[in-house]
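Remarks on the overall topology
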Amino acid sequence: MQTISLDGQPLDLDTTLSCGQAFRWRRREDGLWQGVIGDRFVELGVKGDTLSYRTFPDGGDELVRDYLRLSDDVKYIYAYLQNRDRRLAAQIQRFYGLRLLRQPPNETLISFMCSAANNISRISNSIEALARHYGKLICERDGVCYYAFPSCERLAEADDISRLCSLGFRGENIKNAARAILERGEDWLIDLRGQPYDEAREQLMSLNGVGAKIADCVCLFALDKDEAAPVDTHVRQLAQRLFLPGLNTKSMTDGVYRAIVKAFRDRYDGLAGWAQQFLYYEDLLRP
DNA sequence: TATACACCTGG
DNA sequence: CAGGTGTAT
């Protein structure tokens, strides 16, 4: 294993990798996390102030640093949010080391397209199936094969994607999105990292099957838009409970979505996405 | 601008 | 019904 000093910056893998932003990580009995980043199989562990990791094939050091956002000043982010809100301060204390990741954009987009009207375990199963059927084999470890997330080229021509990956009506959307990404050119998606949030969001939403929620997930988890606050039905409920007790609705209209986004932005500004993730994680554990 | 419903599939 | 979206009213 190689090691990197965290330099006093908080990183907790258990919360970070299981909080619903990424779907391909598994925790081994001994606490080691195994997953795939880009074209590499990766093992991660944290002890004290040290991150231990290994990539297969090796040479994935920069990949790991980038994915975990190791150059971010997370202490500063926490301090900023803790000053804004007592409840959030408590959540940060409780889930200290929960971070946002910087994931590959096309994998993030396709993954969250799988999430529409779906549940976590089925989303994970579908994504693993996509990788198994259409992704390149990376390596085999302890009798398990690990595959990269499939390229858009491969997905665009995929036959039988819905049935093989249990995607239902999402399959056709995903295939079309892969085609659209190819049409728009190699760098279209990755270049949205350099665009303002509103612009990136609008471009994403021009894809069929991508609405506000999925666009915001991609913005936050892959495109460096820490101000994006995806509002799913759980976030809607907790936002109504915490911020908007007057908002009496059980459905998610555009207006409701915008009102909740505004509540997050008013409170947490450019770090609304981090706040959302802490509040969401607490809700995830609620029975 | 708002609400209702279909879209697949399985727990 | 589920961690939505598109479309028709």
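So, a few notes on the structure that sits alongside this text. (Residues numbered from 1 in each chain as written. Chains lettered and ligands numbered in written order. Predicted model: local features only at pLDDT ≥ 70, side-chain atom pairs only at ≥ 80, totals over all residues. Heavy atoms only, no water.)

**Digging into the protein's contact with DNA strand B**
Note the cut-off: Proximity is defined per residue: any heavy atom of the residue falling within 4 Å of a molecule or strand makes that residue near it. For this analysis, a polar contact is any N or O atom pair within 3.5 Å, provided that within protein one partner can donate a hydrogen and the other can accept it, and provided that sequence-adjacent residues contribute only side-chain to side-chain pairs. When residues are grouped by polarity, Ala, Val, Leu, Ile, Met, Phe, Trp, Tyr, Cys and Pro land in nonpolar, Asp, Glu, Lys and Arg in charged, and all others, Gly among them, in polar.
Neighbouring residues of DNA strand B: Arg122, Gly168, Phe169, Arg170 and Thr253. When the atoms of DNA strand B within 4 Å of the protein are grouped by moiety, sugar and phosphate amount to 60% of the total. Phe169 is positioned with one of its backbone polar atoms (N or O) 3.0 Å from a sugar or linking oxygen of DNA strand B. Between DNA strand B and the protein, one listed contact pairs a base oxygen with a side-chain N or O atom of Arg170 at 3.3 Å. Taken together, the residues of the surface near DNA strand B break down into one nonpolar, two polar and two charged.

**A closer look at empty space enclosed by the protein**
To keep it simple, the criterion reads: Buriedness of a pocket was judged along seven lines, with at least five required to meet protein on both sides within 12 Å; pockets are open sets of points on a 1 Å grid over the protein atoms alone, cavities are sets where a 1.4 Å probe fits but cannot get out, and lining residues have an atom within 4 Å of a point. Grid points are joined across faces, edges and corners, and a volume is the space filled by probe spheres set on the points. Strands here mean DSSP runs of E at least two residues long; helices mean DSSP runs of H or I at least four residues long; both are numbered from the N terminus.
The tally for this structure, following the rule as stated, stands at one cavity of 30 Å³ or more. Estimates place the volume of the largest cavity at around 110 Å³. Forming the walls of the largest cavity are 16 residues, and the residues nearest its centre are Ala22, Phe23, Arg24, Gln103 and Glu107. Going through the elements one at a time, strand S3 (33-37) and helix H5 (105-113) are the ones with two or more residues in the lining of the largest cavity. Of the residues forming the lining of the largest cavity, the biggest block, four residues, is contributed by H5.

**Here we look at the protein's contact with DNA strand C**
In the region of DNA strand C, 21 residues are neighbours, and Ile120, Gly209, Gly211, Thr233 and Tyr280 sit closest. Restricting the count to atoms of DNA strand C within 4 Å of the protein gives a sugar and phosphate share of 66%. Residue assignment for the surface near DNA strand C shows that the elements contributing at least two residues are helix H12 (212-222), helix H13 (233-242) and helix H15 (272-285). Counting residues per element, the surface near DNA strand C draws most heavily on H12, at three residues. Its residues assigned to classes, the surface near DNA strand C comprises ten nonpolar, nine polar and two charged.

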